[in-house]
Amino acid sequence: KLFEYYINTLSKVFDTSDVDINVLVEQTENYSPDDIKKIVKEVQENIVEEFHESGARTERKITTDDFLKVIKNRKPSIDPKILQAYESWNSKFGAY
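Not measured: the values here are computed from a predicted model.

Visitor: Outline the overall build of the protein chain, supporting the account with residue identities and numerical values.
Guide: In terms of helices and strands, the protein chain carries five helices and zero strands. Overall, the protein chain shows an N-to-C arrangement of helices and strands of α-α-α-α-α. In summary, the protein chain has a C-alpha radius of gyration of 17 Å against a globular reference of 12 Å for 96 residues, an excess of more than 25%. Expressed as a percentage of the 96 residues in the protein chain, the buried residues total 23%.

Written as structure tokens, this is what we have:
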């Protein structure tokens, strides 16, 4: 839902019709909500920077590949081993 929310927000300024949210979700397992927010922000900054550097008159579409390039260089902040330890502790002792 986070990608949906953020891409919907981006779509008010940029053309995001070529973004496949399902691919992004699959590629970001163990990423925190803050990680997702930072990925979207970095994509937006990259597009704006590209626009200013190129001197283009119109902005190009944001694509799934724009996101995948950022994701490739950004590791998830949630370590699966730590998550598993929390889940194990919760099942033994409960969190409530």
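We are not done yet, so read on.
Visitor: If you had to explain the packing of helix α1 (residues 2-10) against helix α3 (residues 33-54) to someone new, which residues and values would you point to?
Guide: Contact geometry of α1 with α3 gives a least axis separation of 10 Å together with a crossing angle of 25°. Classed by the angle they form, the pair α1 and α3 counts as roughly parallel. Read as a crossing pair, α1 and α3 show a hand that is right-handed. Touching Leu2, Phe3, Tyr6 and Leu10 of α1 are Pro33, Ile36, Lys37, Val40 and Gln44, all from α3. Classifying every residue of the contact of α1 with α3 by side-chain character gives seven nonpolar, one polar and one charged.

Visitor: Which residues make up α3, and what values go with them?
Guide: Spanning 22 residues, α3 covers 32 Å between terminal C-alpha atoms, matching the ideal 32 Å at 1.5 Å per step. All buried positions along α3 are accounted for by Asp35, Ile36, Ile39, Val40, Val43 and Ile47. Taken around the axis of α3, the buried residues stretch over an arc of 140°, which confines them to a single face. Of the residues in α3, the exposed ones pointing more than 90 degrees away from the buried face are Pro33, His52 and Glu53. On its buried face, α3 sits against α1 and α4 (64-72). Of the residues trailing α3, Gly55 is marked for its positive phi of about 70°.

Visitor: Report on the nonpolar core, specifying residues and quantitative values.
Guide: By size, the foremost hydrophobic cluster in this structure holds 16 residues, and its most contacted members are Phe3, Leu24, Ile62 and Phe67. At the level of elements, α1, α3 and α4 are the ones that each hand at least two residues to this core. Here this core takes five residues from α3, the largest share from any one element. Once residues lying within four places of it in the same chain are set aside, the contact partners of Phe67 are Phe3, Ile7, Leu10, Val19, Leu24, Ile39, Val40, Val43 and Ile62.

Visitor: Break down the packing of α3 against α4 for me, with residues and values.
Guide: Closest axis-to-axis distance for the α3/α4 pair is 9 Å, and the angle between their directions is 120°. Taken together, the axes of α3 and α4 are oblique relative to one another. For α3 against α4, the interelement crossing comes out right-handed. Contacts from Ile39, Val40, Glu42, Val43, Asn46 and Ile47 of α3 reach α4 at Asp66, Phe67, Val70 and Ile71. Looking at the contact of α3 with α4, its residues break down into seven nonpolar, one polar and two charged.

What counts and how
Residues numbered from 1 in each chain as written. Predicted model: local features only at pLDDT ≥ 70, side-chain atom pairs only at ≥ 80, totals over all residues. Heavy atoms only, no water. Helix = DSSP H or I, 4+ residues; strand = E, 2+ residues; numbered from the N terminus. Rg over C-alpha atoms; globule rule 2.2 N^0.38 Å. Buried < 20%, exposed > 50% of the residue type's maximum accessible area, 1.4 Å probe, protein only. Axes fitted to C-alpha atoms, helices over the stretch in contact; angles between N-to-C directions. Parallel < 35°, antiparallel > 145°, perpendicular 65-115°, else oblique. Left-handed = near helix turned anticlockwise from the far one by under 90°. Contact = heavy atoms within 4.5 Å. Nonpolar A, V, L, I, M, F, W, Y, C, P; charged D, E, K, R; others polar. Expected span 1.5 Å × (residues − 1). Arc of directions from axis to C-beta. Core = buried A, V, L, I, M, F, W, Y, C linked by side-chain atoms within 4.5 Å.

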